[in-house]
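Structural overview
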Amino acid sequence: MIEKKYFELVNKEIDGTNSKTESAKLKAYLSRNPEGRQLYEGLLKTANALKRVEEVEPPKHLKQHILNSLEFPQRSPNRKWSILDQVIEKFRLRSTPRYAVVFVSGICVGVLLFVLFSQPRGLGDQETAQVSGTLALVPELLYFQASDSVAVNLSEINGKVRTFSSGDIVLAEWDLQSGVSVRAEIRFQPTDMTFSGLKKLSGGEEKLDVGQDRIILTHSGAGHYFVSFASHGAPHGPLEVKIYAGNRLLCQKALQTREIDSQR
Amino acid sequence: MKEQDDKELVRKCLRGEKKAFEIILDRYEKPIYNLVVRMVNDREDASDLTQSVFVKAYEKLNTYNTRFKFFSWLYKIAVNTALNFIGHRKNQERLSDDLVSEDTGLEKEFEESERCQKLEDAILALRPNYRIVIVLRHFQDLSYDEMSKILEIPMKTVKSRLFTARQMLKVILTKSGLQG
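Below you will find a few notes about this structure.

The rules behind each value
- Residues numbered from 1 in each chain as written.
- Chains lettered and ligands numbered in written order.
- Predicted model: local features only at pLDDT ≥ 70, side-chain atom pairs only at ≥ 80, totals over all residues.
- Heavy atoms only, no water.
- Helix = DSSP H or I, 4+ residues; strand = E, 2+ residues; numbered from the N terminus.
- Buried < 20%, exposed > 50% of the residue type's maximum accessible area, 1.4 Å probe, protein only.
- Contact = heavy atoms within 4.5 Å.
- Areas by Shrake-Rupley, 256 points an atom, 1.4 Å probe, with all protein chains shown as cover.
- Pairing = 2+ DSSP bridges.
- Axes fitted to C-alpha atoms, helices over the stretch in contact; angles between N-to-C directions.
- Left-handed = near helix turned anticlockwise from the far one by under 90°.
- Core = buried A, V, L, I, M, F, W, Y, C linked by side-chain atoms within 4.5 Å.
- Phe/Tyr/Trp six-rings, centres within 6.5 Å; stacked < 30°, edge-to-face > 60°.
- Lys NZ or Arg CZ within 6 Å of the ring centre and 35° of its normal.

This paragraph deals with the overall build of chain B. Helix and strand content of chain B: nine helices and zero strands. The order of helices and strands in chain B, counted from the N terminus, is α-α-α-α-α-α-α-α-α. In chain B, which comprises 180 residues, the share counted as buried stands at 54%. The long-range share in chain B, meaning contacts at least 24 apart out of those at least 6 apart in sequence, stands at 63%. With an accessible surface of roughly 8700 Å², chain B has 47% of that area assigned to carbon and sulfur atoms.

See the structure below:
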C-alpha cells in the first residue's frame with residue numbers, strides 16, 4: 001500500500017519538478033516500499049514511452065487555408081495610427097479599463113436619462129401662458145437663466161433675492177430670514193412686464209399689494225417666495241428692489257432681469 | 001520576451017495587420033495541430049479543427065485579456081474545440097478502445113511504427129479528460145499551473161488527474177505488451 005502523500009512526489013519526480021529534498025524523501029520511501037518502487041518504475045517507463053511519440057507536421061496547406069478563411073480589414077498602409085486609435089485599442093485589449101468605461105458610461109447614461117425623464121418637459125408657449133400666473137414653475141428653474149442676485153446680510157435680515165428669466169417669464173426669488181416684519185417693494189416698468197403671480201414656498205402669513213408698476217410684499221419672520229412677471233418681450237429693464245424693516249429702508253438694489261447671454 | 005511579442009502581435013492583428021497573424025500562425029500552428037491530433041487521432045479532423053481554432057481565435061481576438069498569457073488563451077480554445085469534437089464522436093472512440101486491447105498481430109514485423117501506433121492508440125483509449133492532461137503535459141510540456149489555467153480546474157485536480165491518467169496508460173500499455 002502506498003501512502004497518498006507520495007503519489008504527488010511520484011508525479012513530480014516523473015515530471016522532474018521535485019526539489020532535491022523531495023527527491024531524497026521519495027527515494028528513501030521507495031527503498032523501503034517495493035510496491036511504491038514498482039509503481040514509480042512503471043509510471044516512469046510509461047512517461048519514457050510517451051517520449052517516443054513523434055511530433056506530427058501539420059499539412060503544408062493548412063496555414064494558407066486558415067489565412068484564406070479569415071477576413072482581414074482593408075487598411076491603408078499610410079494610415080496614421082492616432083492616439084485615439086491607440087486608446088481605443090487599449091480598451092479593447094484590457095478588460096479592466098474596458099469594464100470600467102462601460103460601467104461609468106452606464107452610470108452617465110443612467111443619470112442623463114434620469115435628468116431627462118424625471119424633470120417636467122420644457123414649457124411651450126401655450127403651457128407657459130397656462131402656468132405662469134400660478135407660479136407653479138419652481139421645478140422648472142433648470143430652464144431659467146439666473147440673471148442677478150443680491151445677498152442681504154444685516155443684523156435684522158439675512159438671505160438673498162435673485163432674479164431669473166426665460167423667454168416670456170421673469171422670476172424674482174425672495175428668500176429672507178428675519179426676526180421682524182419685512183416689507184419688500186419691487187418696482188418694474190409696466191411696458192416691460194406685468195405681475196402675474198406669487199408662490200409661497202415657506203413662511204408665515206403675508207400681505208401682497210399689487211400695483212401697475214410695483215408690488216409690495218409684507219411678511220413676518222422668514223419667508224421664501226417666487227414672484228413671477230409676464231414679459232412683454234426682451235429686452236426689459238431691471239427690477240428695483242427695496243427692503244424695509246417697518247418703515248426703515250434697509251437695502252435697495254436694481255436687479256437685472258435679462259438672460260445672462262443677452263447681457264454679454 | 002516571446003509572450004511580449006505575442007501581445008504585440010495581437011495588437012497589430014487588431015489594427016488589421018495580416019502579417020502579424022501569419023507570425024502567430026507560424027508560432028502556434030504546429031503545437032496546436034499536435035495537441036488536436038493527439039486528442040482526436042485523425043489528421044484530417046485535426047487539420048479542420050486547427051483551422052477552426054485559429055479562426056475562432058482571430059474572431060475573438062478583441063476579447064483576449066493581456067493580463068493572461070496568449071498561448072494559454074489559444075490553448076484553451078484548442079482544448080475546448082477538441083473536447084467538443086470528441087463529445088460528438090463518442091461512438092468512434094469506443095471503437096478505438098477495442099483496437100487498443102486486441103491488436104497484437106503485427107508487432108514483430110513493424111516493430112517501431114507499431115510501437116508508436118500502439119502508444120497513440122493507448123493515449124486515445126483514455127477518456128478525453130485524462131487524455132488532455134497527458135497531451136498537455138507530455139507533448140506540449142506545460143506546467144501544472146498552465147494546465148490548470150487552460151483546463152480551468154484547480155492545480156490539485158490537474159495533479160490527481162495526471163497521476164490517474166498515467167496509471168491508466170501504464171495498464172493499457174502493459175496489456176498491449178508495450179510495457180512489462
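Read on for the rest.
Let us look at the sheet that holds strand 1 (residues 145–153) of chain A. Residues and elements named next belong to chain A. Spatial strand order, 1-2-3-8-5: five strands in an open sheet with antiparallel pairing. Among the strands making up the open sheet, the edge pair consists of strand 1 and strand 5 (193–203). Going from strand to strand, the sheet's axes swing by 15 degrees on average, the running direction of each strand aside. Sheet topology note: the strand 2 (residues 157–166)/strand 3 (residues 169–178) ladder contains 10 bridges and is antiparallel. Opposite Ser166, over in strand 3, you have Ile169 as the bridge partner.

This part is about the packing of helix 2 (residues 18–40) of chain B against helix 7 (residues 128–139) of chain B. Residues and elements named next belong to chain B. At their nearest, the axes of helix 2 and helix 7 sit 10 Å apart, and the two run at 145 degrees to each other. Considering the relative orientation of helix 2 and helix 7, their crossing is right-handed. Contacts between helix 2 and helix 7 pair Leu35, Arg38, Met39 and Val40 from the former with Pro128, Arg131, Ile132, Val135, Leu136 and Phe139 from the latter.

Attention now goes to the nonpolar core. The biggest cluster of nonpolar side chains holds 67 residues, and the ones touching the most others in it are Phe21(B), Ile24(B), Ile32(B), Leu35(B), Phe54(B), Phe70(B) and Leu136(B). Ranked by residues supplied to this core, first place goes to helix 2 of chain B with 12 residues. In this structure, Phe21(B) is in contact with Ile66(A), Leu67(A), Leu70(A), Phe72(A), Cys13(B), Phe54(B) and Tyr58(B), ignoring residues within four places of it in sequence.

Once that is clear, we can look at the packing of aromatic side chains. Enumeration according to the criterion identifies 11 aromatic pairs over all chains in this entry. Measuring from centroid to centroid gives 6.1 Å for Phe195(A) and Phe229(A), while their planes differ by 75 degrees, and the two rings are edge-to-face. Residue Phe195(A) is found in strand 5, and its partner Phe229(A) is found in strand 8 (residues 223–231); the two are separated by 34 residues along the sequence. Comparing Phe195(A) with Phe229(A) shows no difference in burial state: the two are buried. Three or more aromatic residues joined by ring pairs form one cluster here, namely Tyr28(B), Tyr64(B), Phe70(B) and Trp73(B). Between Arg183(A) and the ring centre of Tyr244(A), over which it is positioned, the NZ or CZ distance is 4.1 Å. Lying over the aromatic face of Phe139(B), Arg38(B) brings its terminal NZ or CZ to 5.3 Å of the ring centre.

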